[in-house]
Amino acid sequence: MVMDKKGLLGQLIQDLCYLPGVGPKSAQRMAFYLLQRNRDGAKRLAETLLESLNKVTRCKSCRNLTDQMICSICSNQGRDHSVVCIVETPADVWAVDQASVFGGVFFVLHGHLSPLDGIGPDELGLDLLEQRLENKEIKEIILATNSTVEGEATAQLISEIAKRSHVRASRIAHGVPMGGELEYIDSSTLTHAFKGRKPI
Amino acid sequence: MSERLVSLQPGFLIRHWPYGETSLLADVLTRDFGRISLLARGLRKPKSKLAGVLMPFVPLLLSYGAGRGELHYLSHAEHQHSAFDSPLQGKALFCGFYINELITHFLHQSDPHPEVFELYQQSLMSLQNGAEVESCLRCFEVNLLELVGYGLDIRYDSQTHQLVEADRKYHFSVEQGPRESVYGEINGTTLHALHSRQFKDKESLLQAKKIMRMVIDFHLQGKLLKSRETIAKIIKHM
């Protein structure tokens, strides 16, 4: 059967395809489900989506996504504001926060240095970070950018900035993943693991 | 679909983009097939084994098969354990990005240039061994242009056809070359240095930078080198 992709329904199916991992078939299922089985849910979804689009912006302090001026992490007085973890994306904030090893605050770069794409210090908000480092409230920054060449380059640059402001900078460790077997680990990861070994 | 499988071809990752949910589109410089596009399927999956291998500035051995049109499918990649034990650091790393951008602009897809591959490899090695970055970049630029057919003719004065003299001053224009002038902004020594790829002092390096910038911009025909501006900003922060 050839589906008629015209009209509002067709448009909805097409628009749902904007979501990551959603192709036309799943989009079609979603559209029918929302319109036939769960119209209230659909209405709420539409309203929340619209409201989020209008209200969610970047936190003035850490650039994480939030609907407040200052996000809930930055405004939480129970957290240690002298330690800042620097990550590439808001999803990384969630990941680190879930692991609950870190009780400090974050700074989100929204990307990494990528000279070929014209992404430099300005795009990553490093001016804002520099200002915060100069305020003397921060004692340590933890560089948790991705373990790619671009992520390393970003970490290197930020560590230079930290050095200038006399703030201690550290880089998260790279190496053998939990439950990993050495035999199956690629050589560059193993090299990192050996270079970053620590006494026990 | 075709036919041809390439096995363990030496190459370097020049540039990459995310593709779809879990894949990566890579622009690689291979030794025997020039610059090609490779699709690395599933590379961005959490358990991908190739993610730690396919990195820029590291000599790779790539195996791939023909795909659609200009696109090839990567089947396997490994590190070539010949050199490059320590990665590029600091300023040298950013120069690496600049070199990569020049490669994307001056090499056409699937146009084999083993000499450019050799030059690229040599330049990365000297950057890695802590060579002076400016002179390293100038050598790369002038050699690259020569290899792709835009060689500089800087040995002779364009008007008098005499050899350029070290102690005289010259004007330089991309289309005509050097021309002697008492008000010239380029020293004869700079032109000698560019020709011999041996830069002995700061002044000739600085002048060579100006010349190469003019020449590169001329050949880019209005296209901008994004990395140039970005790296200048990065270095300001360093």
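This one's a predicted model, so the numbers in the text were calculated from it and none came from an experiment.

Examining the domain arrangement of chain B
All names here are of chain B.
Next, step 1: If you check the domain split of chain B, you get domain 1 (5–79) and domain 2 (91–236).
Next, step 2: The gap between the C-alpha centroids of domain 1 and domain 2 is 29 Å.
Next, step 3: Every contact between the two is made by 19 residues of domain 1 and, on the other side, 18 residues of domain 2.
Next, step 4: The interface formed by domain 1 and domain 2 holds zero salt bridges in total.
Next, step 5: Taken together, the links from domain 1 to domain 2 amount to five residue pairs in polar contact (both at pLDDT 80 or more).
Next, step 6: Every element with two or more residues in the side of domain 1 that touches domain 2 is listed here: β1 (5–19), β2 (23–30) and β3 (34–40).
Next, step 7: No other element matches β1, which puts six residues into the side of domain 1 that touches domain 2.

What to know about the sheet that holds strand β3 (residues 80–87) of chain A
All names here are of chain A.
Next, step 1: Strand order in this open sheet of four strands is β4-β3-β5-β6, and the pairing throughout is parallel. Lying at the two open borders of the sheet, with one neighbouring strand each, are β4 (104–108) and β6 (168–171). Sheet twist, expressed as the average angle between the axes of neighbouring strands with direction ignored, equals 25°.
Next, step 2: In the sheet, β3 pairs with β4 via five bridges, with the strands oriented parallel. Across the sheet, residue Asp80 finds its bridge partner in β4, namely Gly104.
Next, step 3: This element, helix α5 (residues 126–134), spans β3, β4 and β5 (140–143) of the sheet and lies at about 150° to β4.

Brief notes about the state of the cysteines
Next, step 1: Under the definition given, this model contains zero disulfides over all chains.
Next, step 2: With no disulfide of its own, Cys139(B) lies 6.8 Å from the sulfur of Cys136(B), the closest cysteine sulfur.

Looking at the packing of aromatic side chains
Residue and element names in this part refer to chain B.
Next, step 1: Evaluated as defined, the whole model comprises six aromatic pairs over all chains.
Next, step 2: For the pair Phe12 and Tyr120, a centre-to-centre distance of 4.9 Å together with 65° between the ring planes defines the contact as edge-to-face. Of this pair, Phe12 sits in strand β1 while Tyr120 sits in helix α2 (residues 114–128), placing them 108 residues apart in sequence.
Next, step 3: Phe12 gets classed as buried once you look at its relative accessible area, which sits at 0%.
Next, step 4: By relative accessible area, Tyr120 is classed as buried at 0%.

Details of the sheet that holds β2(B)
All names here are of chain B.
Next, step 1: Spatially, five strands are ordered β1-β2-β3-β5-β4 in a closed barrel, and the strand pairing comes out mixed. Pairs of neighbouring strands in the sheet enclose a mean axial angle of 55°, with direction left out of account.
Next, step 2: Of the strand pairs in this sheet, strand β4 (residues 60–66) and strand β5 (residues 71–79) are connected by seven bridges, and their pairing is antiparallel. Within the sheet, the bridge partner assigned to Gly65 lies in β5 and is Tyr73.

Section: the interface of chain A and chain B
Next, step 1: Each partner contributes to the interface: chain A provides 26 residues, whereas chain B provides 29 residues.
Next, step 2: If you sort the residues of chain A by the area they bury against chain B, Pro115(A), Leu116(A) and Val149(A) come out on top, with a joint share of 30%.
Next, step 3: For the pair chain A and chain B, the number of links is two salt bridges.
Next, step 4: Where chain A packs against chain B, one counts nine residue pairs in polar contact (both at pLDDT 80 or more).
Next, step 5: Among the elements that take part in the side of chain A that touches chain B, helix α6 (residues 149–164) of chain A stands out by supplying eight residues, more than any other.
Next, step 6: The residue makeup of the side of chain A that touches chain B, split by class, is eleven nonpolar, six polar and nine charged.

Concerning the pairing of β4(A)
Next, step 1: Summarising burial for β4(A): five of the five residues are buried, a large majority.
Next, step 2: Handedness of the crossover joining β3(A) and β4(A) through helix α4 (residues 90–99) of chain A: right-handed.

With respect to the pattern of salt bridges
Residues and elements named next belong to chain B.
Next, step 1: Inspection of the entire model under this criterion finds 16 salt bridges over all chains.
Next, step 2: For Asp27, the salt bridge identified is with Arg35, shortest N-O distance 2.7 Å. Residue Asp27 shares its accessibility class with Arg35, and that shared class is buried.
Next, step 3: With a closest N to O distance of 3.1 Å, Arg228 and Asp217 form a salt bridge. In this pair, Arg228 is assigned in helix α6 (residues 226–237) and Asp217 in helix α5 (residues 202–220), connecting sequence segments eleven residues apart.
Next, step 4: You can call Arg228 buried: its relative accessible area is 18%.
Next, step 5: Residue Asp217 is classed as partly exposed on the basis of its relative accessible area, which comes to 35%.
Next, step 6: When salt bridges that share partners are traced, they join Glu134, Arg138, Glu141 and Lys209 into one network.

Parameters at a glance
- Residues numbered from 1 in each chain as written.
- Chains lettered and ligands numbered in written order.
- Predicted model: local features only at pLDDT ≥ 70, side-chain atom pairs only at ≥ 80, totals over all residues.
- Heavy atoms only, no water.
- Domains from an automatic or database assignment.
- Contact = heavy atoms within 4.5 Å.
- Salt bridge = Lys/Arg side-chain N within 4 Å of Asp/Glu carboxyl O.
- Polar contact = N/O pair within 3.5 Å; in protein donor to acceptor, adjacent residues only side chain to side chain.
- Helix = DSSP H or I, 4+ residues; strand = E, 2+ residues; numbered from the N terminus.
- Pairing = 2+ DSSP bridges.
- Axes fitted to C-alpha atoms, helices over the stretch in contact; angles between N-to-C directions.
- Disulfide = S-S within 2.5 Å.
- Phe/Tyr/Trp six-rings, centres within 6.5 Å; stacked < 30°, edge-to-face > 60°.
- Buried < 20%, exposed > 50% of the residue type's maximum accessible area, 1.4 Å probe, protein only.
- Buried area = accessible area lost by both parts, 1.4 Å probe.
- Nonpolar A, V, L, I, M, F, W, Y, C, P; charged D, E, K, R; others polar.
- Right-handed = clockwise from strand over helix to strand, strands pointing away.

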